[in-house]
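What follows is each chain in one-letter form.
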Amino acid sequence: MKSCTKCQKQLPITQFYRKGNRHTSLCRDCWSAHYRKWKTENKASVMIARKVYYEKNKEDSLRYSRKRYAENPLRSKDMRLRRIFGITLSQYEDMFRLQNGGCAICHKQNLNGRRLAVDHNHATGTVRGLLCHKCNVGLGHFFDNAEAIRAAADYLEARSYIESRSRA
């Protein structure tokens with residue numbers, strides 16, 4: 001048994017990280033919280049250290065990442081969806097099935113082989129649906145402003161009416 005210097009709990013020695021032939025003075029939970037806080041406060045030095053490590057171990061790092069990808073090619077897609085949007089690959093696939101494999105706006109089927117883009121609210125981060133590239137870029141150009149999109153639709157409808165009258 002060992003006592004953590006931060007939380008003062010008496011814990012088994014297995015709850016402390018090993019540092020050389022000794023154990024840390026903080027338990028694993030306190031150490032993890034301390035390290036997370038330190039990393040957020042020292043982002044620049046952490047990034048520099050990561051770059052230096054990567055440059056020194058570039059071949060090993062690339063070999064390792066290629067091996068991991070070869071073992072499970074969907075893993076990187078799943079990790080990216082989790083990191084950026086907070087959804088899993090299976091949730092993405094469920095949404096894809098619910099939308100019948102098509103865009104949530106134009107309903108066109110995804111025939112070009114590219115994955116549909118995950119549309120999300122930039123303020124809250126909540127996922128709204130899956131969009132084709134054109135619809136996703138279109139929403140982006142309107143900065144997700146529903147009023148501007150309605151105004152654009154009204155403009156198109158009014159101009160279509162004017163054009164049809166001028167042809168007659």
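Residues numbered from 1 in each chain as written. Predicted model: local features only at pLDDT ≥ 70, side-chain atom pairs only at ≥ 80, totals over all residues. Heavy atoms only, no water.

1. Considering the overall build of the protein
Piece 1. Looking only at helices and strands, the protein has seven helices and six strands in total.
Piece 2. When the helices and strands of the protein are placed in sequence order, the string is β-β-β-β-α-α-α-α-α-β-β-α-α.
Piece 3. Relative to the compact-globule value of 15 Å for 168 residues, the protein shows a C-alpha radius of gyration of 26 Å, a clear excess of over 25%.
Piece 4. Along the three orthogonal principal directions, the C-alpha set of the protein runs to about 90 × 35 × 35 Å.
Piece 5. Of all 168 residues assigned to the protein, the portion counted as buried reaches 17%. (Helix = DSSP H or I, 4+ residues; strand = E, 2+ residues; numbered from the N terminus. Rg over C-alpha atoms; globule rule 2.2 N^0.38 Å. Buried < 20%, exposed > 50% of the residue type's maximum accessible area, 1.4 Å probe, protein only.)

2. Overview of the pairing of strand S5 (residues 117-120)
Across a regular strand the side chains alternate sides, sitting on one face of the sheet and then on the other.
Piece 1. Sheet analysis places S5 next to strand S6 (residues 127-131), joined by four bridges and oriented antiparallel. Bridged to His-120 within S6 is Val-127.
Piece 2. Where S5 folds back onto S6 in an antiparallel hairpin, the turn is made up of six residues, including Gly-125, whose phi is positive at roughly 85°. (Pairing = 2+ DSSP bridges.)

3. A short note on the packing of aromatic side chains
Piece 1. Under the definition given, this model contains one aromatic pair.
Piece 2. A ring pair is formed by Tyr-35 and Trp-38, whose centres lie 6.0 Å apart and whose planes are at 15°; its orientation type is stacked. Of this pair, Tyr-35 and Trp-38 both sit in helix H1 (residues 28-41), three residues apart, which is roughly one turn of that helix.
Piece 3. The exposure class of Tyr-35 is partly exposed, given its relative accessible area of 38%.
Piece 4. Taking NZ or CZ as reference, Lys-2 lies 5.6 Å from the ring centre of Phe-16, over its face. (Phe/Tyr/Trp six-rings, centres within 6.5 Å; stacked < 30°, edge-to-face > 60°. Lys NZ or Arg CZ within 6 Å of the ring centre and 35° of its normal.)

4. What to know about the nonpolar core
Piece 1. Among the nonpolar cores identified, the biggest contains 14 residues, and Leu-81, Ile-87, Tyr-92, Val-118 and Leu-130 are the most heavily contacted of them.
Piece 2. Counting only elements with at least two residues in this core, the list comes to helix H4 (74-85), helix H5 (89-98), S6 and helix H6 (133-141).
Piece 3. At three residues, the largest contribution of residues to this core is made by H5.
Piece 4. Discounting residues that sit within four places of it in the chain, Leu-81 has contacts with Gly-86, Ile-87, Thr-88, Leu-89, Tyr-92 and Val-118. (Core = buried A, V, L, I, M, F, W, Y, C linked by side-chain atoms within 4.5 Å. Contact = heavy atoms within 4.5 Å.)

5. Some thoughts on the packing of helix H2 (residues 43-56) against helix H3 (residues 58-71)
Piece 1. Interhelical geometry of H2 versus H3 gives an angle of 90° and a closest axis separation of 5 Å. Comparing their axes, H3 and H2 come out roughly perpendicular. Counted together, Tyr-54, Glu-55 and Lys-56 of H2 and Lys-58, Ser-61 and Leu-62 of H3 form the full contact between these two elements.
Piece 2. A breakdown of the residues in the contact of H2 with H3 according to their chemical character gives two nonpolar, one polar and three charged. (Axes fitted to C-alpha atoms, helices over the stretch in contact; angles between N-to-C directions. Parallel < 35°, antiparallel > 145°, perpendicular 65-115°, else oblique. Nonpolar A, V, L, I, M, F, W, Y, C, P; charged D, E, K, R; others polar.)

6. Observations regarding the environment of Glu-147
Piece 1. Structurally, Glu-147 can be placed in helix H7 (residues 146-167).
Piece 2. Along the backbone, Glu-147 and Tyr-54 are 93 residues apart, and their C-alpha atoms lie at a distance of 47 Å.

7. Topic: the side chain of His-120
Piece 1. Within the secondary structure, His-120 is located in strand S5.
Piece 2. Not counting residues up to four positions away in its chain, the partners in contact with His-120 are Phe-85, Gly-125, Thr-126, Val-127, Arg-128 and Asp-144.

8. Concerning unusual backbone geometry
Piece 1. The phi angle at Gln-8 is positive, at roughly 65°, despite the residue not being glycine.
Piece 2. Note that Gln-8 resides in the loop between strand S1 (2-3) and strand S2 (10-11).
Piece 3. For Gln-8, a relative accessible area of 53% puts it in the exposed group.
Piece 4. At His-107, a residue that is not glycine, the phi angle is positive and equals roughly 65°.
Piece 5. Mapped onto the fold, His-107 is located in the loop between H5 and S5.

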